[in-house]
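The lines below spell out each chain.
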Amino acid sequence: MNMQEGGPLRGPEDMLALAERLAAGTIPGRPAVLWDRLPRWAKNLLWALGGAGAVGLVWLTGGA
């Protein structure tokens, strides 16, 4: 999607094009590289925090 430089956002297509252009510079090519560099204890801690967060969200919404 191409957006005119300096032009106003006129619809969802323009917003998506702007979001793609902004994200292109921030998203790394291979996000698994950081995960591979973490020590095993850090990976386990992140999995535990993610699981606790998921359970908390289910609990807050009233169950499944």
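Residues numbered from 1 in each chain as written. Predicted model: local features only at pLDDT ≥ 70, side-chain atom pairs only at ≥ 80, totals over all residues. Heavy atoms only, no water.

**Things to note about the overall build of the protein**
Note the following rule: Strands here mean DSSP runs of E at least two residues long; helices mean DSSP runs of H or I at least four residues long; both are numbered from the N terminus. Note on exposure labels: buried denotes an accessible area under 20% of the residue type's maximum, exposed denotes more than 50%, and partly exposed covers the range between, all computed with a 1.4 Å probe on protein chains only. Using a 1.4 Å probe, the Shrake-Rupley method yields the accessible areas, and only the shown protein chains count as cover for residues.
Assigned secondary structure in the protein consists of three helices and zero strands. Overall, the protein shows an N-to-C arrangement of helices and strands of α-α-α. Burial analysis of the protein (64 residues in total) assigns 8% to the buried set. Accessible surface, the protein as shown: approximately 5,700 Å² in total, 66% of it carbon and sulfur.

**Some points on helix α3 (residues 40-60)**
Where we set the bar: Helix span, as expected, comes to 1.5 Å for every residue beyond the first.
The end-to-end C-alpha separation of α3 is 30 Å, in line with the 30 Å expected for 21 residues at 1.5 Å each. Within two residues after α3, G62 carries a phi angle of roughly 100 degrees, on the positive side.

**Focus: the confidence of the model for the protein**
Going by this rule: Per-residue confidence from the predictor is reported as pLDDT, which spans 0 to 100.
Of the residues in the protein, 73% reach a pLDDT of 70 or more, and the chain-wide mean stands at 79. The secondary structure element of the protein with the lowest average pLDDT is helix α2 (residues 32-37), at 75, and the one with the highest is α3, at 92.

**Considerations on a nonpolar patch on the surface**
We apply this condition: In this scheme, patches are assembled from residues that exceed 30% relative accessible area and form no salt bridge. Like charges are connected within 9 Å, while nonpolar side chains (Val, Leu, Ile, Met, Phe, Trp, Tyr) are connected within 5 Å. Criterion for a salt bridge: a side-chain nitrogen of Lys or Arg within 4 Å of a carboxyl oxygen of Asp or Glu.
A cluster of nonpolar side chains, contributed by W35, W41, L45, L46, W47 and L49, occupies part of the molecular surface with about 730 Å² of accessible area. Element by element, the count of residues in the nonpolar patch is highest for α3, at five residues. Structurally, the position occupied by W41 is in helix α3. Classification of W41 by relative accessible area gives exposed; the value is 61%.

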